[in-house]
Amino acid sequence: MTPDINPIVLFFASVFTSNILLANFLGMCSFIAISKDFKSANGLGLAVIIVLLITSVLNWAVYHLILVPLNLEYLRFIVFIIVIAASVQILEMVIDRISPALYMTLGIFLPLITVNCAILGVVLLLQIRNYSFVQSAVFGLGSGIGWWIAIISLAAIRKKLEKAPIPAGLKGPGITFITIGLMAMAFMGFSGILSVQ
Amino acid sequence: MNNNKPMAIAKKNLWTENPIFIQVLGICSALAVTNTVLNTLIMTIGVVLVTGFTNLTVSLLKSLIPKKVRMIVQTLIIAFYVIMVDIILRAYLPDISKSLGPYVGLIITNCIIMGRAEAFAQGNGPIISFWDGITSGAGYMLVLLLVSVIREILGFGTILGIRILPDTAVTWTIMLTPPSAFFIIGFLIWAVKTIMQRKEKKS
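Read on for a plain summary of the structure. (Residues numbered from 1 in each chain as written. Chains lettered and ligands numbered in written order. Predicted model: local features only at pLDDT ≥ 70, side-chain atom pairs only at ≥ 80, totals over all residues. Heavy atoms only, no water.)

**Concerning the overall build of chain B**
Along chain B, the regular secondary structure elements total eight helices and two strands. In chain B, the order of α-helices and β-strands from amino to carboxyl end is α-α-α-α-α-α-α-β-β-α. In summary, chain B has a C-alpha radius of gyration of 18 Å against a globular reference of 17 Å for 203 residues, a match within 12%. When its C-alpha atoms are laid out on the principal axes, chain B stretches across 60 × 50 × 25 Å. The 203 residues of chain B split such that 51% are buried. Once local pairs closer than 6 in sequence are excluded, the contacts in chain B between residues at least 24 apart make up 75%. When the accessible surface of chain B is totalled, it reaches about 9600 Å², and 70% of it is carbon and sulfur. Taken as two groups, the 17 positive and 8 negative side-chain charges of chain B have centres that lie 10 Å from each other. (Helix = DSSP H or I, 4+ residues; strand = E, 2+ residues; numbered from the N terminus. Rg over C-alpha atoms; globule rule 2.2 N^0.38 Å. Buried < 20%, exposed > 50% of the residue type's maximum accessible area, 1.4 Å probe, protein only. Contact = heavy atoms within 4.5 Å. Areas by Shrake-Rupley, 256 points an atom, 1.4 Å probe, with all protein chains shown as cover. Lys, Arg positive; Asp, Glu negative; His and termini not counted. Charge placed at Lys NZ, Arg CZ, Asp CG, Glu CD.)

**Quick notes on helix α6 (residues 111–119) of chain B**
Taken as a whole, α6(B) has its buried residues at Ile112(B), Ile113(B), Met114(B), Arg116(B) and Ala117(B). In the core, the buried residues of α6(B) are packed alongside α1 (6–16), α3 (37–61), α4 (70–92) and α7 (126–156) of chain B.

**So, the interface of chain A and chain B**
Interface size is often expressed as the accessible area that is lost when the parts come together. On the side of chain B, 40 residues touch chain A, which itself brings 41 residues to the contact. Among the residues chain A hides against chain B, the three largest losses belong to Phe25(A), Phe77(A) and Phe177(A). Together they make up 23% of the total. Here chain A is connected to chain B by one salt bridge. Put simply, Arg76(A) and Asp86(B) hold a salt bridge, and the shortest N to O gap is 3.6 Å. Linking chain A with chain B are zero residue pairs in polar contact (both at pLDDT 80 or more). Put simply, the parts of the chain that give the side of chain A that touches chain B at least two residues each are α2 (28–34), α4 (76–98), α7 (117–129) and α9 (173–188) of chain A. In terms of residue count, α9(A) provides more of the side of chain A that touches chain B than any other element does, 10 residues in total. Across the side of chain A that touches chain B, the residue classes break down as 32 nonpolar, seven polar and two charged. (Buried area = accessible area lost by both parts, 1.4 Å probe. Salt bridge = Lys/Arg side-chain N within 4 Å of Asp/Glu carboxyl O. Polar contact = N/O pair within 3.5 Å; in protein donor to acceptor, adjacent residues only side chain to side chain. Nonpolar A, V, L, I, M, F, W, Y, C, P; charged D, E, K, R; others polar.)

**Details of the pattern of salt bridges**
Considering all chains together, one arrives at four salt bridges over all chains under this definition. Across the salt bridge formed by Arg90(B) and Asp86(B), the nearest N and O atoms sit 3.3 Å from each other. Of the two residues, Arg90(B) and Asp86(B) are both situated in helix α4; the distance of four residues between them amounts to about one turn of the helix. The partner of Asp132(B) in a salt bridge is Arg116(B), and the shortest N-O contact between them spans 3.0 Å. Highlighted residues: Asp132(B) in helix α7 and Arg116(B) in helix α6, separated in sequence by 16 residues. Comparing Asp132(B) with Arg116(B), the two get one shared label, buried. Through salt bridges with shared partners, a single ionic network connects Arg76(A), Asp86(B) and Arg90(B).

Structure below.
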């Protein structure tokens, strides 16, 4: 059965309180690797928003219109990853054709996204929580925006941290994790307003 | 790659090139399952098996896979083993499978597995690749178990559901929430790096 959540509530919940990165730890690898540089962080974040929206909608359709009627649910992991890889590939070609300038900023991040756990994670969450079509689209978009906000904030904080006196052993990944922890606590502050699990 | 002796590989994967501490890989699916020791144990056993068998398969098939499509072939091999893990979990441990939620499926995108297949299994024999996969997975397992032991003791006062701390001990609510995993990993990386830097200075 489909959970009874207003799409608007779901949107804000997925951006803030149930931020896929800070509450569900999805997409950590590229989050830590790319957040060193603000410009790349922004590019990757925007690419994640687009890909998440497209793949959530596509995978919802594939799962409910093809896999469920054929009783092939157990193949979902393979099918989801193929749909993600294919749509990223097509998106890359489309962007290259339509706007070379946009391709220069987003293009290099698109292949990275195929193996970004945020994408597969959101698609699996949609399926586990049994969202409707509209809810899936809203959740995909909201999660993308939430991820983008998280990565550009971390990139900005890390820029400041470069000048801070940090013990040698804590430099790099160590202090980044602690920063993310503090950010996660800040985002949890919203959770009194609404929560979606 | 100076030596491919089993012991040297094990030491490298468990300590000097530990996937989490040093390479910061595979964190995605790592942190969310560390709220209890049992979840972590089941999840990481899954990762160890998938890494080992993926390496074995990639190594066996490496001469058959065309270079251009090897990424997608590797992903499909990984997905195949993850589906097996998922089906076994749902059949024998339905409760745990439910609480792990999407994270079993996310083993597919765990960068450690693809990383080892690409960096090691592509150029080495099947048996040693299998060993490399198992030890990489074990390096990952050790760190996660450590995090989950800390979280469960401080958060619930238990290990594997058995009470360790006296009832009067105050449990830390923060240990049940996501931020604590970030803090613990951050401090662990700090400790490990400091130890390594001291060793380097001595030698």
